[in-house]
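Listed here are the chains, written in short residue letters.
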Amino acid sequence: MKKIIINGGNTLSGTISINGAKNSAVALLPASVLCDESSNIYNVPNISDRDVLIEILEKLNCNVIKDEDAIKIDSSKVINTRIPMELSKKMRASYYFMGSLLSRFKHVEIYFPGGCNIGKRPIDIHIKGFEALGAKVQIKGDLYTIDAEELNGANMTLDFASVGATINIMLAAVKAKGRTIIRNAAREAEIVNVATYLNNMGAKISGAGTSVIRIDGVEYLHKGMVEVIPDRIEAGTYIILGAMIGDNLKIENIIPEHIDALLSKLTDMKIKYILEENSVTISKCNDIRPTNLKTAVFPGFVTDMGQPMMVLLTQANGVSMFEETIYENRMGHVKYLNKLGANIKNGNTNAVIIGPSKFYGTEVEATDLRGGAAMVLAGLIAEGTTTITSIEHILRGYDNIIEKLRNVGADIKLIDE
Ligand code: EPU
């Protein structure tokens, strides 16, 4: 069993460089099967979700060549359109193969996706979008069989500005006949990244990054490339760490506009940082002001930062209120924060955090990906030794986390016993 062991309390200084965004990469890799030739994706993070997606691409008969963080996918000879259950269920983003395979082959068989257990996470909005384009969706248990004789552009307004549904419907519409308009589309940067890639291969998508996306269908996608944008959640996780135990900790390779909501919250909490063109430098703040925080769709405060942010709120001088508005079940980490010494009273989607609390190392579990990141932050600020189990969740989304933290002075290691 893999575990992370942390001896907390070290001050961190130096530079952490941010890798490509998990939530972009996990959409770009499935999007690659829309290409009728081959394409290159650069700056792909080295995370376990990447490896699962490559396994799926190979099952579909893509030729995938990895060269450090660059991946070349030859998708000209795709023959399979069925994704086995065990691979569908290994992660959430397997569902992007619904849109891409449907668009190119008018047929896909796939199982309900896996991913972090942070809520019910239905995919009804994706399905409604495919149906609006003319697809027939049959659901037998967890198996989704989606067929279309022809896909035709359609006008639709999403019930909720879902990241996954926006990308999936965009993928499905790329090769549909005529124009698709998606209203109330999600505006997250990952959507722009996917649209940039598809347009580079000849797709006609405009408006990505706004709430109205227009897609004019094309028949063929030629060779193309894209670079994965920096991971704003990885960046935010380390920035928060800097505010608690940094000494001029520099987080570089960021796009400041993507972390605006976090930075303005830090300002609100009287935490100082130096913002440059592609970096943030931050040191321990000794007098953190409590705040109220509510997660929201972009450009609001991203839900994925909520759990790491709660660790910071435990160090504030006073009472903070936290509300999660996207998922019904994203509080699994709270019981472990309390075990470490926090004073948090929580319901399913909200919490009252009474700070400041001193943390003492103990055994905790990574309940999900970002809950796991919260455990790493908590262990690093705690006195003594913290052991984190179920760390597969963390490795799904944080590239080289152990090495990056060791390089800036943390006493952290991964053991496999
Ligand atoms: N929703 C529906 N029906 C749908 C789709 C979504 O009800 O058909 C609801 C969900 O249940 C949830 C909300 O809408 O309450 C948001 O779902 P969304 O589709 O936006 O999220 P997602 O595609 O499932 C992606 C990221 C998440 C991130 C969210 C929001 C991937 C693989 N996952 O999830 O990332 O929290 O967008 O930004 O890109 C993470 O990285 O830790 C993570 C969970």
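Note that the coordinates shown come from a computational prediction; the quantities given were computed from them, not determined experimentally.

1. Concerning the sheet that holds strand β2 (residues 12-17)
Pairing is mixed across the open sheet formed by four strands, whose spatial order is β2-β14-β16-β15. Every interior strand has two partners, whereas the edge strands, β2 and β15 (273-275), have only one. Each strand of the sheet is rotated relative to its neighbour by a mean of 10°, with strand direction disregarded. Across three bridges, β15 lies against strand β16 (residues 279-282) in antiparallel orientation. When the bridges of β16 are listed, Leu275 appears paired with Val280. Along the sheet, helix α8 (residues 232-245) contacts β2, β14 (246-252) and β16; its crossing angle with β14, the most-contacted strand, is approximately 165°.

2. Quick look at the environment of Val64
Along the chain, Val64 turns up in strand β4 (residues 63-67). Residue Val64 is classed as buried on the basis of its relative accessible area, which comes to 13%. In contact with Val64, other than residues within four places in its own chain, are Ile54, Leu57, Glu58, Ile71, Lys72 and Ile73.

3. Observations regarding the sheet that holds strand β7 (residues 136-140)
Spatially, the three strands line up as an open sheet ordered β6-β8-β7, and their pairing is antiparallel. Across the chains shown, the open sheet's two edge strands, defined by having one partner strand only, are β6 (107-111) and β7. Averaged over all pairs of adjacent strands, the angle between strand axes in this sheet comes to 15°, irrespective of strand direction. Note: β6 against strand β8 (residues 143-147), five bridges, orientation antiparallel. Looking at the pairing, Val108 lines up with Ile146 of β8. With respect to the sheet, helix α4 (residues 96-105) is in contact with β6 and β8, its orientation differing from that of β6 by roughly 160°.

4. A short note on the nonpolar core
Core analysis: the biggest nonpolar cluster contains 79 residues, and Ile41, Phe97, Leu102, Met170, Val194, Leu198 and Ile205 have the highest contact counts within it. Once you skip the residues sitting within four places of it in the chain, Leu198 turns out to touch Ala31, Leu34, Met170, Leu171, Val174, Ala203, Ile205 and Leu221. The next biggest cluster of nonpolar side chains, apart from the first, holds 74 residues, and it includes Ile6, Leu249, Cys285 and Ala378.

5. Description of the pairing of strand β1 (residues 2-7)
Sheet faces and side chains relate simply in a regular strand, where the side chains alternate between the two faces. For β1 and strand β23 (residues 411-416), the ladder comprises six bridges, and the chain directions are antiparallel. Its bridge partner lying in β23, Lys2 is registered against Asp416. The sheet contact formed by β1 and strand β22 (residues 385-389) spans four bridges and is antiparallel. Looking at the pairing, Ile5 lines up with Thr387 of β22.

6. Some words on the pairing of β4
Here β4 pairs with strand β5 (residues 70-74) via five bridges, running antiparallel. Paired with Val64 across the bridge in β5 is Ile73.

7. Focus on the domain arrangement of the chain
Domains assigned within the chain are domain 1 (2-19 + 230-416) and domain 2 (22-227). Inter-centroid distance (C-alpha atoms) of domain 1 to domain 2 is 30 Å. Of the roughly 2,000 Å² buried where domain 1 meets domain 2, counting both sides, 49% is carbon and sulfur surface. In terms of surface lost to domain 2, no three residues of domain 1 exceed Phe298, Tyr327 and Arg396, which account for 31% of the buried area on that side. Our count for the domain 1 to domain 2 interface comes out at three salt bridges.

8. Concerning the packing of aromatic side chains
By the definition in use, this model includes two aromatic pairs. Between the aromatic rings of Tyr95 and Tyr96, the centroid separation amounts to 4.8 Å while the plane-to-plane angle is 70°, which identifies the pairing as edge-to-face. Using a relative accessible area of 7% as the deciding quantity, one classes Tyr95 as buried. The class for Tyr96 is buried, based on a relative accessible area of 4%. Seen in terms of ring centroids, Phe112 and Tyr144 are 6.3 Å apart; in terms of plane orientation they differ by 35°. Their pairing is tilted. Taken together, the positions of Phe112 in the loop between β6 and α5 (124-132) and Tyr144 in strand β8 put the pair 32 residues apart, joining distant regions of the chain.

9. Observations concerning the site of the ligand
The environment of the ligand is formed by 23 residues, the closest being Tyr95, Ile125, Ser162, Asp304 and Ile326. In this structure, Ser162 approaches the ligand through a side-chain N or O atom, which is 2.5 Å from an oxygen atom. Relative to its unbound accessible area of 830 Å², the ligand is 92% covered by the protein chains. If you list the elements that add at least two residues to the shell around the ligand, you get α1 (22-31), α5, α6 (163-173) and α12 (369-381). For the shell around the ligand, a count of residues per class yields eleven nonpolar, five polar and seven charged. Here the shell around the ligand spans two domains, and each of domain 1 (2-19 + 230-416) and domain 2 (22-227) adds at least three residues to it.

Criteria and cut-off values
Here, residues in each chain are numbered from 1, in the same order as that chain's written sequence. Local features in a predicted model are, by the rule used here, given only for residues with pLDDT of at least 70; side-chain atom pairs are given and counted only at 80 or more, and totals for whole chains, interfaces and linings are based on all residues. Calculated side-chain values reflect all of the structure's heavy atoms, with hydrogen atoms and water omitted. Strand pairing is assigned whenever DSSP detects at least two bridges linking the two strands. The way it works is that DSSP assigns letters per residue, a run of H or I at least four long becomes a helix, a run of E at least two long becomes a strand, and they are numbered from the N terminus. Here the axes come from fitting lines to C-alpha atoms, over the contacting stretch only for helices, and the angles between their N-to-C directions go from 0 to 180 degrees. Note on contacts: a residue pair is in contact if any heavy atoms of the two residues lie within 4.5 Å. Burial classes: relative accessible area under 20% of the type maximum marks a residue as buried, over 50% as exposed, and values in between as partly exposed (1.4 Å probe, protein chains only). What we call a nonpolar core is a set of buried Ala, Val, Leu, Ile, Met, Phe, Trp, Tyr and Cys residues that are connected through their side-chain atoms within 4.5 Å. Where each domain begins and ends follows an automated or database-derived domain assignment. As used here, buried area is the combined drop in accessible area, with a 1.4 Å probe, of two parts when they are placed together. Whenever a carboxyl oxygen of Asp or Glu lies within 4 Å of a side-chain nitrogen of Lys or Arg, that contact is scored as a salt bridge. Pairing of aromatic rings covers Phe, Tyr and the six-membered ring of Trp, with a centre-to-centre limit of 6.5 Å; geometry is then stacked below 30 degrees between planes, edge-to-face above 60, and tilted otherwise. By convention in this text, a residue qualifies as near a molecule or strand provided that one of its non-hydrogen atoms is within 4 Å of it. Pairs of N or O atoms are called polar contacts if they sit within 3.5 Å, as long as, within protein, a hydrogen donor faces a hydrogen acceptor (for residues adjacent in sequence, only side-chain-to-side-chain pairs). Note on areas: Shrake-Rupley, 1.4 Å probe, and residue coverage restricted to the protein chains presented here. In this classification, Asp, Glu, Lys and Arg are treated as charged, Ala, Val, Leu, Ile, Met, Phe, Trp, Tyr, Cys and Pro as nonpolar, and every other residue, Gly included, as polar.

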